[in-house]
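# Descriptive analysis of the structure
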Amino acid sequence: MQRSFNNANTPSIESSRIAVPIGTTLDRFIKNNQDQFAYASGELSQLLRDIALASKVVNREVNKAGLIDIMGAVGSQNLAGDDQQKLDVLANIRFTRALTKGGEASALVSEELDTFVDLNNDGKYVIAIDPLDGSSNIDVNVSIGTIFSIYRRKSPVGTPIQEEDILQPGSEQVAAGYVLYGSSTMLVYTTGHGVNGFTYEPTLGEYFLSHPDMRMPVDGKIYSVNEGSANSFSAPMKAYIQYCKDQRYTARYIGSLVADFHRNLLKGGIYIYPATAKDPKGKLRLIYECNALAFIAEQAGGAATNGHERILDLTPATLHQRTAFYVGSLNMVEKAGELESAS
Ligand code: FDP
C-alpha cells in the first residue's frame, strides 16, 4: 500500500540508527546525538533536559497523589472547559518553570493557559505542552501523560512573538515527545531521526535508554476508540469499527491518550477520536496533543490523519483548535482513511 500518510522523509531511519548500549542515560544520549539537530547550538538539548527534569518532579507528585491532598478538582476550568485537576495545575507550574528559566524558549503554549505566553527573551524556540493529559484518570490511579512539541520561532529574535510563531503546522516541529506516568515512567521523544524511549529509574533519579529506535508495527490488531459515542459517529467511522470487529481485532481504550498511544506504538494498533455529536470537530487539540504524537507516529513508521488529511500538514487557525485524530499503525490508519474517502 502507498505510504501516502507517512511523509516522514527522515534521512532513512535505518541510516540514522545509532549504536547505543542499553544503560545509556538520557543526558548522555542527548549529548551524543546533539549534532543531529539542524541547528546544533545546545539550546534544544537543554530544553529536552529541562523537560526531563520537570517530568521527574511531576512523576514524584503523581506517585504520591493518593497520599496527600493534591487529588481532585481545583474548582476552576481551563479554556477548553475541562475541570482543572490539582495535579494539572501543579504539572503546568513545574513545566512552565523548567521551560522558561533557561531562556531557550521565547513562547509557551499550554493546555492550561487561555493564551500563549510571550517570554520576552531571545530564545529561539516555541514550546507547546499539555502538562498532564488524561486528567479524568488522575483520581482513579490510571496512567496519565505529558505531551510536548518544540518549534523554532519564525519571527526575528528580540521582537514580540507573532501568530506565525505559534500557529505553525506540525511538520515544523523540531522535536516532540511524551512522558507516560504508568507502571513505570517513560520519556519517549523524536528530533526527526527516529524515536527513542527512556525508562525512569526512580532510585537513581535517571532516565535510561530502554527502547532504542522504536518502530510501530505496520499492521496491528488493536483499535482504541470510545465506542460509547458510536451512535453519533459518521457512517464511514461506524463502518471502520465494524471492519475491526469483522477482523476480530481487540478493543482497548484506556481513555488516556498517551497511554493508549504508547501501547499501540509498542504492539501495533490504531487510536481514533473522531468527530462526534458532542465534539463535531473532534475533541483533541491539534497544537499540544495531536501534533507531537503524529510526529512520533510517523518517525516510528506509523501515520496520523484527521480521517482525510495528514495531521502534520494542518496549519492551525487558533490556539486551542480541535481535530479528529486517527493515529497508529500505517495500514490501519490508511484503511480507516480509505473508508472516510469513499464516503
Ligand atoms: P481527558 O479528557 O481525561 O483529559 O486529552 C483529552 C483526553 O482525556 C484524552 O487523554 C483521552 O484519550 C480522551 O480525552 C478521552 O475522552 P473520552 O472520555 O471522551 O473518551
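Keep in mind it's a predicted model, so treat the numbers as computed, not measured. (Residues numbered from 1 in each chain as written. Predicted model: local features only at pLDDT ≥ 70, side-chain atom pairs only at ≥ 80, totals over all residues. Heavy atoms only, no water.)

## Points about helix α4 (residues 86–101)
Compared with the 22 Å implied by 1.5 Å per residue over 16 residues, the 23 Å span of α4 between its first and last C-alpha is a close match. Every buried residue belonging to α4 is among Leu87, Asp88, Leu90, Ala91, Asn92, Phe95, Ala98 and Leu99, and all of these are buried. Directly beyond the C-terminal end of α4, a positive phi value near 85 degrees is found at Gly103. (Helix = DSSP H or I, 4+ residues; strand = E, 2+ residues; numbered from the N terminus. Expected span 1.5 Å × (residues − 1). Buried < 20%, exposed > 50% of the residue type's maximum accessible area, 1.4 Å probe, protein only.)

## A few points about the sheet that holds strand β3 (residues 105–110)
Here we have 8 strands laid out as an open sheet, ordered β4-β3-β5-β6-β7-β8-β9-β10, and mixed in their pairing. Edge positions in the open sheet fall to β4 (117–118) and β10 (206–211), since each of these has one partner strand only. Relative to strand β8 (residues 185–190), strand β7 (residues 173–181) runs antiparallel, the two being bridged by 6 bridges. Within β8, the residue paired with Leu180 across the bridge is Met186. (Pairing = 2+ DSSP bridges.)

## Description of the UniProt feature "binding site: Mg(2+) 2" (unreviewed entry) in the chain
According to UniProt, the "binding site: Mg(2+) 2" (unreviewed entry) feature falls on Asp130, Asp133 and Glu289. Taking the farthest pair of C-alpha atoms as the criterion, the annotated set spanning 160 residues converges on one region, since that pair is 8.4 Å apart. Relative to the helices and strands, Asp133 is located in strand β5 (residues 125–133). With a relative accessible area of 6%, Asp133 lands in the buried category. When near neighbours in sequence (up to four residues on either side) are disregarded, Asp133 contacts Ile144, Gly145, Ile147, Ser256, Leu257, Val258 and Glu289. In this structure, Glu289 sits in helix α8 (residues 286–299). Residue Glu289 is classed as buried on the basis of its relative accessible area of 2%. (UniProt positions renumbered as here; feature names shortened; annotations may be inferred. Contact = heavy atoms within 4.5 Å.)

## What about helix α9 (residues 330–342)?
The end-to-end C-alpha distance of α9, which contains 13 residues, comes to 18 Å, matching closely the 18 Å that a straight helix rising 1.5 Å per residue would cover. Every buried residue of α9 is listed here: Leu330, Met332, Val333, Glu334, Ala336, Gly337 and Glu340. Considering only its buried residues, α9 is in contact with β11 (222–224), α6 (235–246), β13 (270–273), β15 (303–305) and β17 (325–328).

## Observations regarding the sheet that holds strand β12 (residues 250–251)
If you walk across this open sheet you meet the 5 strands as β12-β11-β13-β17-β15, and the pairing is mixed. One side of each edge strand has no neighbouring strand; the edge strands of this open sheet are β12 and β15. When β11 meets β13, the two strands line up parallel, connected through 2 bridges. Paired with Tyr223 across the bridge in β13 is Ile270. Sheet strands touched by α8: β15 and β17. Its angle to β17, the strand with the most contacts, is close to 30 degrees. (Axes fitted to C-alpha atoms, helices over the stretch in contact; angles between N-to-C directions.)

## As for the UniProt feature "binding site: substrate" (unreviewed entry) in the chain
Mapped onto this numbering, the UniProt entry gives "binding site: substrate" (unreviewed entry) at Asp133, Gly134, Ser135, Ser136, Asn226, Tyr253 and Lys283. For Asn226, the position within the fold is in the loop between β11 and α6. Here Asn226 is in contact with Phe233 and Tyr253, once residues within four sequence places are set aside. Polar side-chain contacts of Asn226 include one of 3.0 Å to the backbone nitrogen of Gly228. (Polar contact = N/O pair within 3.5 Å; in protein donor to acceptor, adjacent residues only side chain to side chain.)

## Considerations on the pairing of β8
Of all the 6 residues making up β8, 6 are buried; the element is thus mostly covered by neighbouring parts of the structure. Neither face of β8 is left uncovered, since the one carrying Thr185, Leu187 and Tyr189 and the one carrying Met186, Val188 and Thr190 both have all their residues buried. Here β8 pairs with strand β9 (residues 195–201) via 5 bridges, running antiparallel. Residue pairing for β9: Tyr189 is matched across the bridge by Asn196. Turn length for the β8-β9 hairpin, with the two strands adjacent in sequence and antiparallel, is 4 residues, and the turn residue Gly192 shows positive phi of about 90 degrees.

## Brief notes about the packing of α6 against α9
Contact geometry of α6 with α9 gives a least axis separation of 8 Å together with a crossing angle of 140 degrees. Relative to α9, the element α6 lies oblique. Judged by the twist between their axes, the crossing of α6 over α9 is right-handed. When α6 is examined against α9, the residues Pro236, Met237, Ala239, Tyr240 and Tyr243 are found in contact with a partner set consisting of Met332, Lys335, Ala336, Leu339 and Glu340. A per-class count over the contact of α6 with α9 returns 8 nonpolar, no polar and 2 charged. (Parallel < 35°, antiparallel > 145°, perpendicular 65-115°, else oblique. Left-handed = near helix turned anticlockwise from the far one by under 90°. Nonpolar A, V, L, I, M, F, W, Y, C, P; charged D, E, K, R; others polar.)

## Things to note about the packing of aromatic side chains
Taken as a whole, this structure holds 8 aromatic pairs when the rule is applied. Considering the side-chain rings of Phe29 and Tyr189, the 6.4 Å spacing of their centres and the 85 degrees angle between planes classify their relative orientation as edge-to-face. Of this pair, Phe29 sits in helix α2 (residues 26–32) while Tyr189 sits in strand β8; the two residues are 160 residues apart in sequence, bridging distant segments of the chain. Like Tyr189, Phe29 is buried. For the pair Tyr240 and Tyr243, a centre-to-centre distance of 5.9 Å together with 25 degrees between the ring planes defines the contact as stacked. Taken together, the residues span about one helical turn, with Tyr240 and Tyr243 both in helix α6 at a distance of 3 residues. Residue Tyr240 is classed as buried on the basis of its relative accessible area of 1%. For Tyr243, a relative accessible area of 24% gives the class partly exposed. Through a chain of ring-to-ring contacts, three or more aromatic side chains come together here, namely Phe29, Tyr189 and Phe198. Stacked on the ring of Tyr243, the Lys or Arg Lys335 has its end atom at 4.8 Å from the ring centre. (Phe/Tyr/Trp six-rings, centres within 6.5 Å; stacked < 30°, edge-to-face > 60°. Lys NZ or Arg CZ within 6 Å of the ring centre and 35° of its normal.)

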